[in-house]
Amino acid sequence: MTSTVVVGGFFGDEGKGKIISYLAIKDNPKIIVRGGAGPNAGHTIRDGDKVYKVRMLPSGFLNKNAKVMIGPGVVINPDVLKKEIEDFDVSGRAFIDKHCGIIEETHLIRDSKGELKEKIGSTGSGTGPANADRAMRILKLAKDFDFLSPLIVDVPQEINSALSANEHVLIEGTQGTFLSLWHGTYPFVTSKDVTASGICADVGIGPTKVNEVIVVFKSYVTRVGTGPLDKELSLDDAEKKGWSEFGTVTGRQRRAADFDFDLARRAIMLNGATQISITKLDVLFSDCAGETSFDKLSDDAKVFIKNIEDKLNTPVTIIGTGPAVNDVIDRRS
Ligand code: IMP
Ligand code: MG
């Protein structure tokens with residue numbers, strides 16, 4: 001039995017999509033299953049000159065031998081899902097659970113105005129209103145729509161059976177620790193818990209079945225939407241550092257700050273992290289671009305990584321050095 005859970009350690013957009021697609025190819029899991037909120041999450045994945053922007057499917061879909069699944073805790077926009085299944089060539093190996101919630105027109109409308117839009121800076125994807133309706137027990141689920149039946153499998157059963165058969169399962173989170181409804185900067189958070197425990201509940205895997213928890217941090221912190229961001233840089237300063245980024249779902253410019261050790265320490269605790277992944281090292285140290293061996297990193301870059309390991313008392317095992325799937329230093333033995 002081997003299961004790996006991958007979650008974000010800051011405010012989402014840590015580069016989980018790219019790390020997960022690397023792990024999906026390198027570790028060749030039988031199943032890649034997505035937990036988290038819904039299509040409010042966006043992951044960008046680069047494969048050669050192809051760029052994929054994923055909102056519903058697990059980011060590990062590049063491994064064509066793997067089944068990709070969405071856990072019952074997630075709410076789905078069927079139009080987005082259908083388009084991604086077609087565009088990314090995953091039909092026949094993409095599945096959802098009968099208890100996945102379904103986003104309808106009303107949720108999109110309610111998410112596009114009022115408090116959620118103006119105060120929280122919600123993504124407008126309908127995810128929050130759909131989860132609110134689920135709490136009220138009035139949300140429709142996947143099993144209520146005939147056209148979804150070809151996609152439905154018992155996701156918790158599938159992943160637990162795979163683990164019993166000693167297969168590898170990759171469990172991917174969305175958003176980031178401090179967007180968690182329980183542990184984040186409430187009310188400027190998403191509509192679910194998105195820490196490792198929440199993600200496991202979303203897909204139906206119990207705490208004793210988890211082997212590794214990888215928390216992904218970017219080399220600096222970004223936040224899209226409103227809410228506190230300690231030591232926030234001006235957009236100008238962020239741009240000068242090469243840290244100006246734009247949201248995958250909303251296109252909004254992300255706010256930026258230096259790597260935050262206090263947040264990171266808390267994220268390690270809340271997620272029970274066994275490993276750390278650091279992304280975009282090449283943005284801090286341009287001489288590291290595309291590097292795949294730790295020994296060949298510059299001294300400054302090595303010190304940056306070693307400092308993280310010392311201060312957080314957790315090994316940095318996977319380091320992103322560029323946008324392509326294989327721009328990775330993998331230090332797992
Ligand atoms: P909602 O989840 O769309 O309601 O948005 C709530 C807050 O979480 C807003 O500040 C969003 O920008 C933020 N948010 C939601 N999903 C993501 C994500 O995947 N990455 C980064 N921020 C997100
Ligand atoms: Mg994103």
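Everything quoted here is computed from the prediction, not taken from an experiment.

### Brief notes about the sheet that holds strand β1 (residues 2-8)
Move 1: Pairing is mixed across the open sheet formed by nine strands, whose spatial order is β7-β5-β2-β9-β1-β10-β13-β14-β15. Looking at strand neighbours, the two that pair on one side only are β7 (94-96) and β15 (328-330), the edges of this open sheet. Recorded for the sheet is a direction-independent mean angle of 20 degrees between the axes of neighbouring strands.
Move 2: Across three bridges, the pairing between strand β14 (residues 316-320) and β15 is antiparallel. By the bridge assignment for β15, G320 is matched with V328.

### Quick notes on the packing of aromatic side chains
Move 1: Inspection of the entire model under this criterion finds twelve aromatic pairs.
Move 2: Judged by centre distance (5.1 Å) and plane angle (90 degrees), the ring pair of Y52 and F88 falls under edge-to-face. Here the residue Y52 occupies a position in strand β4 (residues 50-54), and F88 occupies one in the loop between α2 (78-87) and β7, the gap between them amounting to 36 residues. Each member of the pair Y52 and F88 is classed as buried.
Move 3: A ring pair is formed by Y220 and W243, whose centres lie 4.5 Å apart and whose planes are at 5 degrees; its orientation type is stacked. Here Y220 is found in strand β11 (residues 220-223), whereas its partner W243 is found in the loop between α8 (235-240) and β12 (255-258), with 23 residues between them in sequence. Take Y220 and W243: they sit in the same class, and that class is buried.
Move 4: Among the aromatic residues, those joined into a cluster by ring pairs are F10, F217, F259, F261, F285 and F304.
Move 5: Above the face of the F294 ring, R331 is positioned so that its terminal group lies 3.9 Å from the ring centre.

### A short note on the coordination of the magnesium ion (ligand 2)
Move 1: Within the protein, D13 (OD) and G42 (O) serve as the donor atoms for the magnesium ion (ligand 2), at 1.9 to 2.2 Å. With D13 in the loop between β1 and α1 (16-26) and G42 in the loop between β2 (31-34) and β3 (43-47), the pair connects residues that are 29 residues apart, well separated along the chain.
Move 2: Exposure remark for G42: the relative accessible area of 13% places this residue in the buried category.

### Quick word on the site of ligand 1
Move 1: Surveying the vicinity of ligand 1 reveals 16 residues, the closest of which are D13, N40, T123, T190 and R252.
Move 2: Taking D13, its side chain carries an N or O atom lying 3.4 Å from a nitrogen atom of ligand 1.
Move 3: Between ligand 1 and R252, the relevant distance is 3.0 Å, taken from an oxygen atom to a side-chain nitrogen or oxygen of the residue.
Move 4: Alone, ligand 1 offers 470 Å² of accessible surface; in the complex the protein occludes 97% of this.
Move 5: Its residues placed into classes, the shell around ligand 1 shows six nonpolar, eight polar and two charged.

### Description of the environment of S122
Move 1: Structurally, the position occupied by S122 is in the loop between α4 (114-120) and α5 (127-135).
Move 2: When the C-alpha atoms of S122 and I103 are compared, they prove to be 15 Å apart, with 19 residues separating the residues in sequence.
Move 3: Leave out the neighbours within four places in its chain, and S122 touches D111, L116, K117 and R252.
Move 4: Looking at S122, its side chain comes within polar contact range of the main-chain nitrogen of G124, at 3.0 Å.

### A short note on the side chain of N63
Move 1: Position of N63 relative to the elements: it lies in the loop between β4 and β5 (67-70).
Move 2: If we ignore the near neighbours within four places in the chain, the residues touching N63 are A24, I25, N28, P29 and R93.

### Comments concerning the pattern of salt bridges
Close approach of charged atoms lets side chains of opposite charge pair.
Move 1: On inspection of all chains with the given rule, the structure shows 19 salt bridges.
Move 2: Between D13 and R254 there is a salt bridge, with the nearest N and O atoms lying 3.3 Å from each other. In this pair, D13 sits in the loop between β1 and α1 while R254 sits in the loop between α8 and β12, placing the two residues 241 residues apart along the sequence.
Move 3: You can call D13 partly exposed: its relative accessible area is 22%.

### Some details on the environment of A130
Move 1: Turning to its location among the elements, A130 is positioned in helix α5.
Move 2: By relative accessible area, A130 is classed as buried at 0%.
Move 3: Residues A130 and H107, 23 residues apart in the sequence, show an inter-C-alpha distance of 5.8 Å.
Move 4: Beyond its immediate chain neighbours, meaning those up to four positions away, A130 contacts V75, I103, H107 and L139.

### Observations concerning the pairing of β4
Move 1: Both β3 and β4 contribute to a ladder of five bridges, which runs antiparallel. Pairing of I45 across the sheet is with Y52, part of β4.

Analysis parameters
Residues numbered from 1 in each chain as written. Chains lettered and ligands numbered in written order. Predicted model: local features only at pLDDT ≥ 70, side-chain atom pairs only at ≥ 80, totals over all residues. Heavy atoms only, no water. Pairing = 2+ DSSP bridges. Helix = DSSP H or I, 4+ residues; strand = E, 2+ residues; numbered from the N terminus. Axes fitted to C-alpha atoms, helices over the stretch in contact; angles between N-to-C directions. Phe/Tyr/Trp six-rings, centres within 6.5 Å; stacked < 30°, edge-to-face > 60°. Buried < 20%, exposed > 50% of the residue type's maximum accessible area, 1.4 Å probe, protein only. Lys NZ or Arg CZ within 6 Å of the ring centre and 35° of its normal. Donors = N, O, S within 2.8 Å, 3.2 Å for Na, K, Ca; no water. Near = heavy atom within 4 Å. Polar contact = N/O pair within 3.5 Å; in protein donor to acceptor, adjacent residues only side chain to side chain. Areas by Shrake-Rupley, 256 points an atom, 1.4 Å probe, with all protein chains shown as cover. Nonpolar A, V, L, I, M, F, W, Y, C, P; charged D, E, K, R; others polar. Contact = heavy atoms within 4.5 Å. Salt bridge = Lys/Arg side-chain N within 4 Å of Asp/Glu carboxyl O.

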